[in-house]
Amino acid sequence: MPDIKSVATTPIDGQKPGTSGLRKKTKVFMEQHFLENFTQATFNALGGLKGRTLVLGGDGRYFNDTAAQVIIRMAAANGLSRIVVGQNALLSTPAASNLIRKGKTDGGIILSASHNPGGPDEDFGMKFNVANGGPAPEAVTERIYAETQRLDAFRIAEAADVDLSRIGDIQLGAMTVSVVDPIADYRDLMRSLFDFEAIRRLLSGGFTLCFDAMHAVTGPYAKAILEDDLGAPTGSVRNAVPKPDFAGGHPDPNPVWAKELMALMTGPDAPDFGAASDGDGDRNMILGRDIYVTPSDSLAVLAANAHLAPGYAGGLAGVARSMPTSRAVDAVAGHLGIEAYETPTGWKFFGNLLDAGRVTLCGEESAGTGSDHVREKDGVWAVLLWLNILAARQMPVADILADHWRQFGRHYYSRHDYEAVDADRANAMIAALRETLPSLAGRPVAGMTVSAADDFRYSDPVDGSVSEHQGVRILFANGSRIVFRLSGTGTVGATLRVYLEHFERDPGNHARDPQEALAPMIAAAEEVAGISHYTGRTAPDVRT
Ligand code: G1P
Ligand code: ZN
C-alpha cells in the first residue's frame, strides 16, 4: 500500500475551465502544485471518487506523460476504484469519449490543448468529460471553478511511476490502473459504422489518399485504420508519429497550418483525397485534387450522403450546426424533411440534442464534424465517412461537391479572423454593433438591404436553458449573411471572428473564387461594424 499524503495548498485564482477545459502555457501547468490543485478541484467537484471509474489520456504533447502520472497518484489517493488509461497515456479526444461511454464510466480527463502548439514554451490543457462522453456542462465547470477557490489541500499517493507502456491491469493501492490499447475500441466502433470492404476495394482499385496527422495523436489511429485495415499503401499517413512539440508545428488542420498537405493537393502528384486532423484528433480538413472542402460544405455533403454508410443507413434523426456555420446543411435537412438545429458555438451545445436522439450529425465551421457515435467531434470518423461516400459514389471529390451545389445551391463561405486585437476595442466594436441592431432592418448596407439583425440567443429545446449574446448576425434580403463574434478560446487579447456567407442558386456562378464571391459581404462587414476603425487593421490575420 503506498502512503497517502495530504499536502497543504492555497486556493488558485482565476482558473475557470471553459468549453474546452483549462488551457494555459505549459509552464503554468508545471508550476509548483498547479496541476495538483486543478486536479484536486476537479475530483472535489465530482463529490468524491469512491467506487468510481474514470478514463485518462492525452494527445502526447510535452508534459502529457508527467501529468498523467501525477493524476494517477492523486486518483488513487482520492479513493478512485479504477482508472482506464490509454497506453503511454495516449488517447485521442474521440477515442476517450468512446471509452467513457463504452465502459459506462463516470467520465474522464483528457490532457490536450487541442490544435494549439505544444512544448515547454507552448500550451497545455486539461479537460473533464462527463459520463455521456461529452465535455463537462457549465454546471460542472462552475463547480470545478468553485472548488479551485476554496482548496486547502490535495491528496497524492507516494509511489513510483506506473508502467503505462504495457497493456494490462496494475494495482496502485486499492485502485486498479487498466492500461488499454488506445486504438482497439475506437477501431471497432469505426468498423461498426462504415463499409470497410467497399473502402478497401476503392483503395485497391487505385484511388490514392494522403492523411496528414500533423505529428499529433491521430497518427497511430490513421495508420492502423487506413493503412493496416483498409490497405492504403504505407506512407499514405504522413507525420504519423506523435511528437511532444508536434515537430514545432501548429497542429490545426486548415489551409494556413496544413501547408504541406495543401501544396501536395494542388501539385502535380496530388492523390485523389487528402485529409488532416488536429492535436487531439477531433478536428478534420477534407481535400480533393485541387479542391478544398469548407467544413460547412463538408457537413452538408455528409448529411446528404450519410445513408450510404451502414451506420447511417436508416437515415438521420436531425442535424445541428453552430450558428456561424453556413446554412448549407439546412438546405439538405429541408430536402430530407428532418429538423436542422442552430446552436451557439462550442461542441457542448450538441450534447443534449444527441442524447435526446434529436440529431444524428452535427458540425461547426471550425473543422469539427461528428455524430451520435461519441459526444465529441471526430476527425478520423469524418475522413472515413467521406471515404465510404466516395467508395459508394465512385466520383472525385470535386464532382461530389459540384453535384451537391447543383442540387442545393452553393453557400460561399469564409471566416476572417483578427487576432490579438486590443480587448477593449474589440468589446467596444461589438457593443456598438449591438446598439445599431434595432435600426438595421430595412437599411441598405454596401448596396444590399438588411432583412433582419439580432444578437443570437439560444434556448435549448431539451432542457430549456438559455444562452444569450452568442454572436451578432445580420441577414440580407438576397440570402447572404454576416456574423460577428469574439473568440472564447484565444489567449492573447481578443480574437474577432467575422463569418461571411453568400448564397448562389445559379450553377453558372458556382466556380468563383470564394473571397471574390464574398467581396460585397466583406465591404458590408466593414461598413456596418467599422472593423478597421476599432481594430486598427485593414485586413484579417487569417482567412479560412
Ligand atoms: C473555436 C471554434 C469553435 C470550437 C472551439 C473549440 O472557438 O470557433 O467552433 O468549438 O474553438 O474547438 P472560438 O475561439 O471561436 O470561441
Ligand atoms: Zn481538437
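Keep in mind that what you see is a predicted model, and the values were worked out from it rather than measured. Per-chain numbering applies: the sequence of each chain, read as written, is numbered from 1 onward. As they are written, the chains are lettered A onward and the ligands numbered 1 onward, keeping that order. Given that this is a predicted model, residues contribute local features only at a pLDDT of at least 70 and side-chain atom pairs are listed and counted only at 80 or more, while totals for whole chains, interfaces and linings are drawn from all residues. Side-chain measures here rest on the full set of heavy atoms in the structure, leaving out hydrogens and waters.

Every helix listed is a DSSP run of H or I at least four residues long, and every strand listed is a run of E at least two residues long, numbered separately from the N terminus. Secondary structure assignment for the chain yields 18 helices and 27 strands. Both definitions apply: the radius of gyration is a C-alpha atom measure, and the globule rule equals 2.2 Å times residues to the power 0.38. Expected size for 544 residues packed as a compact globule is a radius of gyration near 24 Å; at 23 Å, the chain falls within 12% of this value. Dimensions of the chain along its principal axes, counting C-alpha atoms only, are 75 × 60 × 40 Å. Relative accessible area decides the class of each residue, using a 1.4 Å probe on protein chains only: under 20% of the type maximum gives buried, over 50% gives exposed, and in between gives partly exposed. Per-residue burial for the chain yields a buried fraction of 58% across its 544 residues. Put simply, of all contacts in the chain between residues at least 6 apart along the chain, 72% involve residues at least 24 apart. Values of accessible area rely on a 1.4 Å probe in the Shrake-Rupley scheme; residue burial ignores everything except the protein chains shown. Per element, the accessible surface of the chain, about 20300 Å² overall, is 49% carbon and sulfur. In this count, Lys and Arg are taken as positive residues and Asp and Glu as negative ones, while His and the chain termini are left out. Working definition for charges: the position is that of NZ of Lys, CZ of Arg, CG of Asp or CD of Glu. In the chain, which carries 51 positive and 66 negative side-chain charges, the distance between the mean positions of the two groups comes to 2 Å. Any two residues having at least one pair of non-hydrogen atoms within 4.5 Å are treated as being in contact.

A separate point is the nonpolar core. Nonpolar cores were defined as sets of buried Ala, Val, Leu, Ile, Met, Phe, Trp, Tyr and Cys residues, with membership established by side-chain atoms within 4.5 Å. Judged by nonpolar contacts, the single largest core of 73 residues is most densely connected at Met190, Phe194, Phe273, Trp381, Trp386 and Leu387. Looking at which element gives the most residues to this core, the answer is helix H13 (residues 379-393), with 11 residues. Apart from residues no more than four positions distant in its own chain, Leu387 is found in contact with Ile199, Leu202, Phe207, Leu209, Leu226 and Phe273. If you look at the next biggest cluster of nonpolar residues, it comprises 46 residues, including Val7, Met74, Ala77 and Ala157.

Turning next to the site of ligand 1. Near is defined per residue: the residue qualifies when any heavy atom it owns lies within 4 Å of the molecule or strand. Not every one of the 14 residues close to ligand 1 is listed here, only the nearest: Ser366, Ser487, Gly488, Thr489 and Arg497. N or O atoms within 3.5 Å of each other form a polar contact, as long as, within protein, one can give a hydrogen and the other can take it, and as long as residues adjacent in sequence are counted only when both atoms are side-chain atoms. Separating an oxygen atom of ligand 1 from a side-chain N or O atom of Arg283 is a distance of 3.1 Å. Between an oxygen atom of ligand 1 and a side-chain N or O atom of Ser487, the distance comes to 2.6 Å. Here ligand 1 loses 93% of its free accessible area of 380 Å² to cover by the protein chains. Gly is put with the polar residues, along with every residue not named as nonpolar or charged; the nonpolar set is Ala, Val, Leu, Ile, Met, Phe, Trp, Tyr, Cys and Pro, and the charged set is Asp, Glu, Lys and Arg. Its residues assigned to classes, the shell around ligand 1 comprises no nonpolar, 7 polar and 7 charged.

Pairing between two strands requires that DSSP report at least two bridges joining them. Strands sit in the order S11-S10-S12-S13-S14 across an open sheet of 5 strands; the sheet is mixed. Of all the strands in the sheet, the pair left with one neighbour each is strand S11 (237-238) and strand S14 (291-293). Summarising the sheet, strand S13 (residues 284-288) and S14 pair through 3 bridges and their orientation is antiparallel. Within S14, the position partnered with Gly288 by the bridge is Ile291.

We now examine the coordination of the zinc ion (ligand 2). For the zinc ion (ligand 2), the protein coordination sphere consists of Ser114 (OG), Asp278 (OD), Asp280 (OD) and Asp282 (OD), at 2.0 to 2.1 Å. Metal coordination here is assigned from N, O and S atoms located within 2.8 Å of the ion, or within 3.2 Å for Na, K and Ca; omission of water means that sites may look incomplete. The rule is simple: four donors are tetrahedral if all their angles sit between 85 and 135 degrees, four are square planar and six octahedral if opposite donors span more than 155 degrees and the others lie between 65 and 115, and anything that fits none of that is irregular. Each of the 4 donor atoms around the zinc ion (ligand 2) contributes to a set of angles spanning 88 to 161 degrees, which defines the coordination as irregular. Positions of the donor residues of the zinc ion (ligand 2), expressed as sequence spacing, correspond to S-x163-D-x1-D-x1-D. Here the residue Ser114 occupies a position in the loop between strand S5 (108-111) and strand S6 (123-129), and Asp282 occupies one in the loop between strand S12 (273-277) and S13, the gap between them amounting to 168 residues.

This paragraph deals with helix H8 (residues 218-229). Burial within H8 is extensive, with 9 of its 12 residues counted as buried. Within the sequence span of H8, burial applies to Thr218, Gly219, Tyr221, Ala222, Ala224, Ile225, Leu226, Glu227 and Asp229. Directly after H8, the chain includes Gly231, whose backbone phi takes a positive value near 80 degrees.

Moving on to unusual backbone geometry. The backbone of Asn88 sits at a positive phi, close to 60 degrees, despite the residue not being glycine. Counting through the fold element by element, Asn88 comes out in strand S4 (residues 82-90). Exposure remark for Asn88: the relative accessible area of 44% places this residue in the partly exposed category. We note that Met214 has phi near 55 degrees; this positive angle belongs to a residue other than glycine. Note that Met214 resides in the loop between strand S10 (209-212) and H8. Judged by relative accessible area, which is 8%, Met214 ranks as buried.

Let us now look at the packing of aromatic side chains. Two aromatic rings, drawn from Phe, Tyr or Trp (for Trp, its six-membered ring), form a pair once their centres lie within 6.5 Å of each other, and the interplanar angle then sorts them: stacked below 30 degrees, edge-to-face above 60, tilted otherwise. Going through the model one piece at a time under the given rule, you end up with 8 aromatic pairs. With a centroid separation of 5.2 Å and an interplanar angle of 75 degrees, the aromatic rings of Phe29 and Phe34 are classed as edge-to-face. Relative to Tyr458, the ring of Phe456 has its centre 6.4 Å away and its plane inclined at 40 degrees; by these criteria the two rings are tilted. Across this residue pair, the class does not change: Phe456 and Tyr458 are buried. Through a chain of ring-to-ring contacts, three or more aromatic side chains come together here, namely Phe29, Phe34, Phe63 and Phe124. In this scheme, Lys NZ or Arg CZ marks a charge over a ring once it lies within 6 Å of the ring centre and within 35 degrees of the ring normal. Lying over the aromatic face of Trp405, Arg410 brings its terminal NZ or CZ to 3.9 Å of the ring centre.

Looking now at the sheet that holds strand S8 (residues 168-172). Backbone-to-backbone hydrogen bonds join strands into a sheet, with any given pair of strands oriented parallel or antiparallel. Ordered in space as S2-S6-S5-S3-S4-S9-S8, the 7 strands form an open sheet in which the pairing is mixed. Edge positions in the sheet fall to strand S2 (22-25) and S8, since each has one partner strand and no second. Between one strand and the next, the sheet's axes are offset by a mean angle of 20 degrees, whatever the strand orientation. Here an axis means a line fitted to C-alpha atoms, over the contact stretch when the element is a helix, while the angle between two N-to-C directions is reported on a 0 to 180 degree scale.

For salt bridges, the criterion is a side-chain nitrogen of Lys or Arg within 4 Å of an Asp or Glu carboxyl oxygen. This structure, assessed with the given rule, holds 34 salt bridges. With its nearest N and O atoms 3.5 Å apart, the salt bridge here joins Lys5 to Glu158. Placement of the pair is Lys5 in strand S1 (residues 3-8) and Glu158 in strand S7 (residues 153-158), with a sequence separation of 153 residues. Overall, the relative accessible area of 37% leaves Lys5 in the partly exposed class. As a salt-bridge pair, Glu227 and Lys223 come within 2.6 Å of each other at their nearest N and O atoms.

Bringing the packing of helix H10 (residues 295-305) against helix H11 (residues 328-336) into the picture now. Relative to each other, H10 and H11 sit at 15 degrees, their axes nearing to 7 Å. By the angle between their axes, H10 is roughly parallel relative to H11. Note that H10 runs across H11; the crossing there is right-handed. Of the residues in H11, those touching H10 at Ser296, Asp297, Leu299, Ala300, Ala303 and Ala304 are Ala328, Val329, Val332 and Leu336. The labels follow the angle: roughly parallel below 35 degrees, roughly antiparallel above 145, roughly perpendicular from 65 to 115, and oblique for the rest. Two helices cross in a left-handed way if the nearer one is turned anticlockwise from the farther one by less than a right angle. They cross in a right-handed way if the turn is clockwise.

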